[in-house]
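# Structure assessment
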Protein chains: 2
Amino acid sequence: MIETPYLLFLGDAPDQLAAKVAVGIKDWRPENAVGQLRMEGCKADLGLTDMDLAQAREAGAKTLVIGVANRGGVISQDWKKVLVMALEEGFDLASGLHNLLRDEPDLVAVAEACGRKLHDVRIPSVKYPIANGVKRKGKRCLAVGTDCSVGKMYTALAMDAEMRARGMKSTFRATGQTGILITGDGVPLDAVIADFMAGSVEWLTPDNDEDHWDLIEGQGSLFHVSYSGVTMALVHGGQPDALILCHEPTREHMRGLPGYQLPTLEAVRDMALSLAKVANPACQVVGVSINTQHMSEADARAYLAGIEAEMGLPATDPFRFGPGKLVDALAAM
Amino acid sequence: MIETPYLLFLGDAPDQLAAKVAVGIKDWRPENAVGQLRMEGCKADLGLTDMDLAQAREAGAKTLVIGVANRGGVISQDWKKVLVMALEEGFDLASGLHNLLRDEPDLVAVAEACGRKLHDVRIPSVKYPIANGVKRKGKRCLAVGTDCSVGKMYTALAMDAEMRARGMKSTFRATGQTGILITGDGVPLDAVIADFMAGSVEWLTPDNDEDHWDLIEGQGSLFHVSYSGVTMALVHGGQPDALILCHEPTREHMRGLPGYQLPTLEAVRDMALSLAKVANPACQVVGVSINTQHMSEADARAYLAGIEAEMGLPATDPFRFGPGKLVDALAAM
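Residues numbered from 1 in each chain as written. Chains lettered and ligands numbered in written order. Predicted model: local features only at pLDDT ≥ 70, side-chain atom pairs only at ≥ 80, totals over all residues. Heavy atoms only, no water.

## What to know about the interface of chain A and chain B
At the interface, 32 residues of chain A touch 32 residues of chain B. Each partner contributes to the roughly 2700 Å² buried at the junction of chain A and chain B, and carbon and sulfur atoms together form 63% of this total. At the surface where chain A touches chain B, the tally comes to 0 salt bridges. Counting every contact that joins chain A to chain B gives 10 residue pairs in polar contact (both at pLDDT 80 or more). Of all the secondary structure elements, the ones that give two or more residues to the side of chain A that touches chain B are helix H7 (197-204), helix H8 (228-237) and helix H9 (265-279) of chain A. The class makeup of the residues in the side of chain A that touches chain B is 21 nonpolar, 9 polar and 2 charged. (Contact = heavy atoms within 4.5 Å. Buried area = accessible area lost by both parts, 1.4 Å probe. Salt bridge = Lys/Arg side-chain N within 4 Å of Asp/Glu carboxyl O. Polar contact = N/O pair within 3.5 Å; in protein donor to acceptor, adjacent residues only side chain to side chain. Helix = DSSP H or I, 4+ residues; strand = E, 2+ residues; numbered from the N terminus. Nonpolar A, V, L, I, M, F, W, Y, C, P; charged D, E, K, R; others polar.)

This is the structure in structure tokens:
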């Protein structure tokens, strides 16, 4: 569990895209983001108040979150100066970088001396159990995709926000680095040991009120040969009551796998439902989330109408047109 | 890669069952087993020549394999005496125990001083790649089960032995601790990090002669919610050309999951084939392997005949009636 709220460190981000994690935190948990800290030459801007470390402490920030991809895969000496000062000022550090904070002896030494924590969210910090398959109370929704990176996290976050706005009980359950930094906890599923994957998902989505929904962040795809085992663990460990199908219609082949065509939404529906019923015979496919960012608005609306007609399921782009239809579907269950 | 041949250490095994790993090595790779080393009170017997360390070295043994489950989950002081002496005599040590050799400082120190290796086969020793899904040359057969522990390893080992006896090109590919100790190498798949599971299976079953078969050891079941992600990685990473369905007909529920019924063989056939075709559209289900150990011979024969009639696939118990029919099916492809 990472202590909130955060000061968002943008470093010397070369552009806004490099600050993707910080943008996610600011978009989805603005209450966790008291300000931004930018170094000279930083080209990203979240529109938050620029603060130095002392100002951010004053404003209540507990953790400095590295909200930016580092250049060249290493934590630079320029960054180090800021990170060391942050520890000395009383901040914990949190990072989703491949270059782990704990692998930097100077950061480890300073953190120890100051009694601060280093959170590397790529690395599991919990000894997860083996899944036991016991039915849990409360409801769970899982986004499953035709491919990786088609909008599964975004769909779950948008639905969670809408549900809370409507006064429904819901929790976004992060299973990836960005999601974990956004919410402050979760399971870095792709870094979990094989035998404990499904157990880690059970651990992440425990018994809850009967009318509470966990919105579980999906990963990979049952049809993506590199990562399908991770997706399978979500389908079985998550025991979803509801599945949302996610798709990006303009993609020409599976991400990172030239020669592998994307499956149809119908194929994902049938495969995911059939597998999900092993853990939860009552599971239903309740809606479709389409990432239409590469389509005109007219094309997007026509595409969504086509999906609704063909599949008999509500379809939306939750970013462009809101997640209302998907939340309606959960509310109706 | 563990150096062969082995001296099989049976320690103070309370019964034959405790020496399961040693029995597997002796049954499947007798050429790797030069003898057995038993301590006072050992109740297991492989029928191999009893040897002390010096005799085994003389006979060519390179590695002392712990072929027995330890009592209480710890490596006892009585065992330690033998293990230390073995290192001093020039043996490497290999173990599939949960209690790792490398976690015992005395063994580590002696191994280092003597220039010997400690092989803990539960822990991956290779940095596996992420799967790339590229089609590989040669042929692959994977056993998929209705449940865990229904005879998938045994089926693959029996088919491999029969194929080599017939002069066919084949290799058993171990994916679990026992299999790795039997053959001297493999991937401890349940201990691999999630993102690299399918990649480790690709690594294990590389390009080969067009008429060469990898017999891949199966793990878990697509219908076992605790381990299905591991099975999925085998189905996609293994790119099987042929699937063998494995089943134990008398089991009352999924192993370790009371309340979970076993799927039908038809359900496993359809699910596994449909997923396998993502990675290899030419994949076929070619036979059925039934573990009939809890059935009379008459019942077993009747059951197998029933499966053949219902499913139109050759069915056998490879332990009881030989794997010939399954090998015939591969040879006919």
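## Some points on the packing of helix H3 (residues 77-88) of chain B against helix H4 (residues 105-114) of chain B
Residue and element names in this part refer to chain B. Where H3 contacts H4, the two axes come as close as 9 Å, and the packing angle between them is 15°. Classed by the angle they form, the pair H3 and H4 counts as roughly parallel. Here H3 and H4 pass one another in a crossing that is right-handed. Each of Lys80, Leu83, Val84, Leu87 and Glu88 in H3 lies in contact with H4, whose residues at this interface are Asp106, Leu107, Val110, Ala111 and Cys114. Considered class by class, the residues forming the contact of H3 with H4 number 7 nonpolar, no polar and 3 charged. (Axes fitted to C-alpha atoms, helices over the stretch in contact; angles between N-to-C directions. Parallel < 35°, antiparallel > 145°, perpendicular 65-115°, else oblique. Left-handed = near helix turned anticlockwise from the far one by under 90°.)

## Some remarks on the side chain of Asp160 of chain A
All names here are of chain A. Within the secondary structure, Asp160 is located in helix H5 (residues 152-165). Using a relative accessible area of 0% as the deciding quantity, one classes Asp160 as buried. A polar atom in the side chain of Asp160 sits 3.3 Å from the side chain of Arg29. Beyond its immediate stretch of four places on either side in the chain, Asp160 contacts Arg29, Ser170, Thr171, Phe172 and Leu215. (Buried < 20%, exposed > 50% of the residue type's maximum accessible area, 1.4 Å probe, protein only.)

## Overview of the pattern of salt bridges
Close approach of charged atoms allows side chains of opposite charge to pair. Residue and element names in this part refer to chain A. Within the structure shown, the criterion is met by 41 salt bridges over all chains. Note that Asp214 and Arg140 form a salt bridge whose closest N and O atoms lie 3.7 Å from each other. Note that Asp214 is positioned in strand E8 (residues 212-216) and Arg140 in strand E6 (residues 139-145), a separation of 74 residues in sequence. Among the residues examined, Asp214 registers a relative accessible area of 0% and is labelled buried. Residue classification places Arg140 among the buried residues on the basis of a relative accessible area of 0%. Linking Arg251 and Asp147 is a salt bridge whose minimum nitrogen-to-oxygen distance equals 3.0 Å. In this pair, Arg251 is assigned in the loop between strand E9 (242-247) and H9 and Asp147 in the loop between E6 and H5, connecting sequence segments 104 residues apart. Connected via shared salt-bridge partners are Arg29, Asp160 and Arg164.

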